[in-house]
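# Overview (structure and organization)
Chain residues, written in single-letter form:
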Amino acid sequence: MHKVYVNRPDHFFFYSVKMTADYCNFPFETVIVDKETEESKDFKAKKGWRKFPMMETPQGVLISESTAIAAYIARMSNRQDFLGNSAFEEAQVEAGVCFASSTIVPNMYKAALHVFGWKDDKKAHDDGIKAVKEAMKVLNTQLGDSAWLVGDRLTLADIVTFNALLIPMTLSLDAGFRKAMPIVAAWFEKMSKLPVVTRTAGYVKMLGAGQQQAAPAGGKGKGAAAADKGGKQKGGKGGK
Ligand SMILES: N[C@@H](CCC(=O)N[C@@H](CS)C(=O)NCC(=O)O)C(=O)O
């Protein structure tokens, strides 16, 4: 069986792999690598330059990069529809995946480090969120009247973009911003309720109107648990 190595299972990069495998009915074994194993000589030699998630095929060869692993899973499952049904659609899916990876993820990451309390840097958070908002304006326009980012169905572009927006949408961007970006906000909310998404990401709760951020740097709450608390604050209906 294929194996996917991760250092933690609740990571948005792994989510893209897991949701794709679920959508394509592709079986795989998740191997959670503990710190000791990660630092062992043998595992370091095996992992090399790769990051988590990392896939190992039954033949023992390794594939890195979450989006490449997800695309491999779709191809192995004959789910070309998930990668684009024509050369043009394929290019659109690749464009969506590249946009999320190059424009959203690095900026979202700056904000995530602060809201998780891992790095006390409000300015980096705000700069990151500003860039994420710009990217969301692009998505808002791109979606237009469409239900999906590409074509008439869920594709890898939707999955990767959703996972890239998961942290800012639950911890930094409030209902006021979502109101200003109604198309992308509705798309995100719809995505958050798809069974293939909830089976991996669980219940996604967004910030209420006027909420700043759920987990100030250095605060007690971290990650999803803090987002949950944030949703219960005054004025916040939380994300539904
Ligand atoms: N572009 C990569 C990024 C993966 C990544 O940054 N993974 C982190 C997850 S915590 C990691 O493995 N860090 C530890 C390491 O580099 O060994 C992907 O999409 O898979």
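Refer to the preceding data block for the structure.
Model, not experiment: these values are computed from the prediction. (Residues numbered from 1 in each chain as written. Predicted model: local features only at pLDDT ≥ 70, side-chain atom pairs only at ≥ 80, totals over all residues. Heavy atoms only, no water.)

All right, on to the packing of aromatic side chains then. Scanning the model with the defined rule gives 8 aromatic pairs in all. A ring pair is formed by Y5 and F43, whose centres lie 5.8 Å apart and whose planes are at 55°; its orientation type is tilted. Here F43 lies in helix α3 (residues 41–47) and Y5 lies in strand β1 (residues 3–6), a separation of 38 residues in the sequence. The buried category is assigned to Y5, whose relative accessible area is 8%. Between F162 and F188, the aromatic rings sit 4.6 Å apart at their centres with planes inclined by 25°, giving stacked as the arrangement. Within this pair, whereas F162 is found in helix α7 (residues 156–171), its partner F188 is found in helix α9 (residues 182–193), the two being separated by 26 residues in sequence. Accessibility classification places F162 together with F188 in one group, the buried group. Among the aromatic residues, those joined into a ring-pair cluster are Y5, F43 and F52. A cation over an aromatic ring shows up here: R50 above the ring of W49, its NZ or CZ 4.0 Å from the ring centre. (Phe/Tyr/Trp six-rings, centres within 6.5 Å; stacked < 30°, edge-to-face > 60°. Helix = DSSP H or I, 4+ residues; strand = E, 2+ residues; numbered from the N terminus. Buried < 20%, exposed > 50% of the residue type's maximum accessible area, 1.4 Å probe, protein only. Lys NZ or Arg CZ within 6 Å of the ring centre and 35° of its normal.)

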